[in-house]
Amino acid sequence: MNSNLPTVSIGLPVFNGEDYLEAALESLLAQTYTNFEIVLCDNASSDRTAEICQTYAAKDARIRYYRNDHNIGAAENFDRVFQLSRGKYFKWAAHDDLCKPTFLERCVEVLDRDLSVVLCTSEAGRIDWAGNEQPPKADSPRPIDAWEVSERFAAIVLKTFWSYELFGLIRSSALKKLKWHANYGSDRVILAELSLQGRLVQVPEMLFFRRFHLKQSTCMQSAKERQQWFSGKRKRPIWERGSVRFMQAIFQADLTLAERVQCIGVVLRYLTKAGNWRYFLPKHFRQTKKPTLTQMPAQSIASKG
């Protein structure tokens, strides 16, 4: 192993993030754990994002800056920062979120100590556009750190809404095993696939803060607009929907027969929950209600640049 490589890679994809990018970078550079790199991927921004990225890359050698020739979609840009990373551990970072200085230190401690853990994060707080803390709005306690595979898989598939855990620190080796591509993936699918490999652990401290503001994709006026922002003009075929991806993950994971059967049962429960089976019907038979902005989760990849 190359001793010159960083232990931690932080992938920060960004598109027109001039409002909050500097604050996000400052919170990462202030980490007490310092053996990390930051991979910045600018998705052909038209504001001051490029200037900000270049300024920070010039003053800190741990920052590597890349700029896409054209906008490749937010999801593919999230994929790209991981492909460019070199660390043993990997963290996605959004251009508008903040971490307290000990976030990396506490998460690295857990991953170094316990090989059964594939992802470590902290409790998640919420801030507004100005950085003021807001009342917490996270998933109810779920056994995502359970030793039983089907129990933590069910916790992700059936009980996860906000998917904050995706911004935790993840073993790169675990991410490389996934048969996913962010362009047609989702936060919950990736977390579910990780849960089939190992435990997801939360440090009992609030060290991570999601920012909510009007420029997020969840504030876009139409689903079509959000989809185009997320993955460009490409439309997802039915075999790329979450339930199909869950099943693919189950059969590709290293599970016993009993574990596989139990996890299949979880997906069947998912299909009957809230009428998810309707997505397998022709469009004119679905009659689904369009969610309001207050009902939509601020999905990690789906709401960040």
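That block above? That's the structure.
What counts as what
- Numbers given to residues run from 1 along each chain, matching the order in which its sequence is written.
- Restriction of local features to residues with pLDDT of at least 70 applies here, the model being predicted, together with a cutoff of 80 or more for giving and counting side-chain atom pairs; totals for whole chains, interfaces and linings are based on all residues.
- Side-chain figures throughout are based on the complete set of non-hydrogen atoms in the structure, without hydrogens or water.
- Here a helix means four or more residues in a row that DSSP labels H or I, a strand means two or more in a row labelled E, and each is numbered from the N terminus.
- For every residue, the accessible area (1.4 Å probe, protein chains only) is compared with the maximum for its type, and the residue is labelled buried under 20%, exposed over 50%, or partly exposed between those bounds.
- When checking whether two residues touch, look at their non-hydrogen atoms; a contact exists if any pair is within 4.5 Å.
- Residue exposure ignores everything except the shown protein chains as possible cover, and the areas themselves are Shrake-Rupley values with a 1.4 Å probe.
- Ring pairs shown here join Phe, Tyr and Trp side chains whose ring centres sit within 6.5 Å, with only the six-membered ring taken for Trp; geometry is labelled stacked below 30 degrees between planes, edge-to-face above 60, and tilted in between.
- Each ring is checked for a lysine NZ or an arginine CZ that lies within 6 Å of its centre and within 35 degrees of its normal; such an atom marks a charge sitting over the ring.
- A cavity here means a set of 1 Å grid points, computed over protein atoms only, where a 1.4 Å probe fits but cannot escape. A pocket is an open set with protein on both sides within 12 Å along at least 5 of 7 lines, and lining residues have an atom within 4 Å of a point.
- Grid points are joined across faces, edges and corners, and a volume is the space filled by probe spheres set on the points.
- The nonpolar class holds Ala, Val, Leu, Ile, Met, Phe, Trp, Tyr, Cys and Pro. Asp, Glu, Lys and Arg form the charged class, and all remaining residues, Gly among them, are polar.
- Pairing between two strands is assigned when DSSP locates at least 2 bridges connecting them.

K.L.:
What should I look at first to understand the overall build of the protein in this one?
P.N.:
When its secondary structure is counted, the protein shows eleven helices and nine strands. In the protein, which comprises 305 residues, the share counted as buried stands at 53%. A sequence separation of at least 24 residues applies to 79% of the contacts in the protein between residues at least 6 apart. Counting every atom, the protein has about 14600 Å² of accessible surface; 54% of that belongs to carbon and sulfur.

K.L.:
What am I meant to see in the packing of aromatic side chains here?
P.N.:
On inspection of all chains with the given rule, the structure shows eleven aromatic pairs. On the numbers, 6.4 Å between centres and 80° between planes, the contact of Trp 162 with Phe 212 is edge-to-face. With Trp 162 in the loop between helix H5 (149-159) and strand E8 (169-171) and Phe 212 in the loop between strand E9 (199-211) and helix H8 (223-231), this residue pair connects regions lying 50 residues apart in the sequence. Each member of the pair Trp 162 and Phe 212 is classed as buried. Positioned over the ring face of Phe 212 is Arg 126, at 4.5 Å from the centre of the ring. Geometry around Phe 212 places Arg 210 over its ring, the cationic atom sitting 6.0 Å from the centre.

K.L.:
Help me out: how do you make sense of empty space enclosed by the protein in this one?
P.N.:
Gaps left between atoms show up when a probe the size of a water molecule is rolled over them. In the structure shown here, the tally under the stated rule is one cavity of 30 Å³ or more. Space inside the largest cavity adds up to approximately 60 Å³. What lines the largest cavity is simply Leu 12, Ala 24, Ser 27, Leu 28, Lys 91, Ala 93, Ala 94, Asp 97, Leu 98, Cys 99, Phe 167 and Phe 208. Elements that contribute at least two residues to the lining of the largest cavity include exactly helix H1 (21-29) and strand E5 (98-99). Taken together, the residues that form the lining of the largest cavity break down as nine nonpolar, one polar and two charged.

K.L.:
Would you explain the pairing of strand E4 (residues 89-92) in this entry?
P.N.:
It is a general feature of regular strands that their side chains alternate between the two faces of the sheet. Burial along E4 is two-sided: the residues Tyr 89 and Lys 91 and Phe 90 and Trp 92 are all buried. Of the strand pairs in this sheet, strand E1 (residues 8-14) and E4 are connected by four bridges, and their pairing is parallel. Looking at the pairing, Ile 10 lines up with Lys 91 of E4. Where E4 lies against E8, three bridges are found, and the strand directions are antiparallel. Note on E8: the bridge partner recorded for Tyr 89 is Arg 171.

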